[in-house]
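# Structure assessment
Spelled out from the first residue to the last, the chains are:
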Amino acid sequence: MTNFQTLFDKQDWEQVKSSIYAKTETDVEKALSSSKRTLEDFKALISPAALPYLESMARLSRQTTLKRFGKTIQLFAPMYLSNECQNICTYCGFSFDNKVKRRTLTDEEILQEASVIKQMGFDHILLVTGEANHTVHVDYFKNAIRLLRPHFANISIEVQPLEQHEYEALIPEGLYSVLVYQETYHKERYKTYHPKGKKANFYYRLETPDRLGKAQIHKIGLGALLGLEDWRTDSFFCAFHLDYLQKTYWQTKYSVSFPRIRPAEGITAPEYIITDRELVQLICAYRLFSEEVELSMSTRESEKFRNHILSLGITTISAGSKTNPGGYAVEPDTLEQFEISDERSPQEMAQVITDQGYEPVWKDWDRSYWG
């Protein structure tokens, strides 16, 4: 079986970038009128030539999302289990070279955090850690999932990439989905952002969704960190990755997230900027490219932006988020991975969703079908 690395290595970053920026209004109109869009259509929809068509893209994106997902928005909460990390990542507050207090939650502390999150109304939880194999490893994840499974209908993780057999060991415990962001698909520049640690291995991270697909995980979450490189080119490679995975592991569900770099301890401002208008363009382009993919929005974004984007293609949204271990109850003042922007409570966010004519969904009902 061909893996994604084989296909990826046939692509050239600069050639892809040039082809995106060379797209014309004719290409955009062709993409908008197509009933089944290709990767070339996706290039057109994220190109500068598509910006004048944003209203049309937004209208089509909304119609497509309503057809596939109805008027529902799923709510979830991240639970940060640990800020220990062995990697140096130049954009992250958990980076190994930041001399800050580190903390990994105990069983009792995990349950304390869970109690507060449950009281907020959540039934869908995302477990997040830094990448510290000596502390937060497979056995730690297995234990955490066992502790939390009686309390939550849906458990996802965003941790270091694991081996196929390790994912296979976690799935029977109750693991539903795994989020693994490539950060940037620019192979050469990737090294400058990840100078130390296991995360410096570009291809090991790139191959993680293949390992997840072979492990038959229920859902895989993809994304590029917007601000590291040219957002259009990174987003094409992410869509290229998504397209390959959907065709190869067709029984698995997929989601795409849109994290923009936020302020954090010890990091500098992003070199590449994606504006609000361009981020709307990107979200709509993904929806028009893939009707089935779930599109997720975090509290990195402002209240105003999140309110606006609800009806344009987003299907999953976080609320009331804390990005530090123990942030909900145990120790609110530990180091955050990044600053959140939308600080509204889950109930306030649910009301916003309701006011726009949508239904806030606290539980992933698909979970009930598989055990």
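Above this note sits the structure.
Residues numbered from 1 in each chain as written. Predicted model: local features only at pLDDT ≥ 70, side-chain atom pairs only at ≥ 80, totals over all residues. Heavy atoms only, no water.

## A closer look at the packing of helix α4 (residues 39–46) against helix α13 (residues 276–289)
As a reminder, the rule being used: Here the axes come from fitting lines to C-alpha atoms, over the contacting stretch only for helices, and the angles between their N-to-C directions go from 0 to 180 degrees. Starting at the N terminus, helices and strands are each numbered in turn, a helix being any DSSP run of H or I of at least four residues and a strand any DSSP run of E of at least two. Any angle from 65 to 115 degrees is called roughly perpendicular, while one under 35 is roughly parallel, one over 145 is roughly antiparallel, and all others are oblique. Two helices cross in a left-handed way if the nearer one is turned anticlockwise from the farther one by less than a right angle. They cross in a right-handed way if the turn is clockwise. Throughout, a contact is declared for two residues whenever any of their heavy atoms are within 4.5 Å. Asp, Glu, Lys and Arg are counted as charged, while Ala, Val, Leu, Ile, Met, Phe, Trp, Tyr, Cys and Pro are counted as nonpolar; the rest, among them Gly, fall into the polar class.
As a packed pair, α4 and α13 sit with axes 9 Å apart at the nearest point and diverge in direction by 160°. The angle between α4 and α13 falls in the class roughly antiparallel. Pair α4 / α13 crosses with right-handed handedness. The segment α4 lies against α13, with Leu39, Phe42, Leu45 and Ile46 engaging Gln281, Leu282, Ala285, Tyr286, Leu288 and Phe289. Looking at side-chain class alone, the contact of α4 with α13 contains 9 nonpolar, 1 polar and no charged residues.

## Focus: empty space enclosed by the protein
The cut-off we apply is this: Throughout, the protein atoms alone are placed on a 1 Å grid, and a set of points is a cavity if a 1.4 Å probe fits but cannot get out or a pocket if it is open with protein on both sides within 12 Å along at least five of seven lines; lining residues have an atom within 4 Å of a point. Grid points are joined across faces, edges and corners, and a volume is the space filled by probe spheres set on the points.
The tally for this structure, following the rule as stated, stands at 3 cavities of 30 Å³ or more. When its volume is computed, the second largest cavity comes out at roughly 50 Å³. The set of elements that each furnish at least two residues to the lining of the second largest cavity consists of α12 (231–248), β6 (253–257) and α13. Partitioned by chemical class, the residues of the lining of the second largest cavity number 7 nonpolar, 3 polar and 1 charged.

## Things to note about the state of the cysteines
The line we're drawing: Note on terminology: pairs of cysteine sulfur atoms within 2.5 Å are recorded as disulfides.
In this structure the tally under the stated criterion is 0 disulfides. With no disulfide of its own, cysteine 85 lies 5.8 Å from the sulfur of cysteine 89, the closest cysteine sulfur.

## Comments concerning the layout of surface pockets
Roughly 850 Å³ of volume is contained in the largest pocket. Every residue lining the largest pocket is counted, 31 residues in all, and those nearest its centre are Arg68, Phe69, Glu291, Glu292 and Val293. Elements with a contribution of two residues or more to the lining of the largest pocket: α5 (54–69), β1 (72–82), α12, β6, α13 and β9 (359–361). Ranked by residue count, the leading element in the lining of the largest pocket is α12, at 3 residues. Looking at side-chain class alone, the lining of the largest pocket contains 9 nonpolar, 9 polar and 13 charged residues.

## Concerning the packing of aromatic side chains
Two aromatic rings are characterised by how far apart their centres lie and by the angle between their planes. We count it as follows: For Phe, Tyr and Trp, where Trp contributes only its six-membered ring, two rings pair if their centres lie within 6.5 Å, and the inter-plane angle classes them as stacked under 30 degrees, edge-to-face over 60, or tilted in between. Charge-over-ring contacts are defined here by two conditions on Lys NZ or Arg CZ: a distance within 6 Å of the ring centre and an angle within 35 degrees of the ring normal.
Inspection of the entire model under this criterion finds 19 aromatic pairs. Each residue in the set Phe4, Phe8, Trp13, Tyr185, Tyr190, Phe202, Tyr203, Phe236, Phe237, Phe240, Tyr244 and Tyr249 is aromatic and connected to the rest through ring pairs, giving one cluster. Across the ring face of phenylalanine 69, the terminal group of arginine 68 is positioned such that the distance to the ring centre comes to 4.6 Å. Across the ring face of tyrosine 204, the terminal group of arginine 211 is positioned such that the distance to the ring centre comes to 4.0 Å.

## Here's the deal with the pattern of salt bridges
Opposite charge on two side chains makes pairing possible when the charged atoms of those side chains draw close. Going by this rule: By salt bridge we mean one thing: a side-chain nitrogen of Lys or Arg within 4 Å of a carboxyl oxygen of Asp or Glu. Each residue is assigned to one of three classes by its accessible area relative to the maximum for its type, calculated with a 1.4 Å probe on protein chains only: buried under 20%, partly exposed between the two thresholds, exposed over 50%.
Counted under the stated rule, the structure contains 21 salt bridges. Between arginine 260 and glutamate 301 there is a salt bridge, with its nearest N and O atoms 2.5 Å apart. Pair noted here: arginine 260 is in the loop between β6 and α13 and glutamate 301 is in the loop between β7 (294–297) and α14 (303–309), with a separation of 41 residues, a long-range link. Each member of the pair arginine 260 and glutamate 301 is classed as buried. Connected through salt bridges with shared partners, the residues Glu131, Glu183, Lys199 and Arg205 form a single ionic network.

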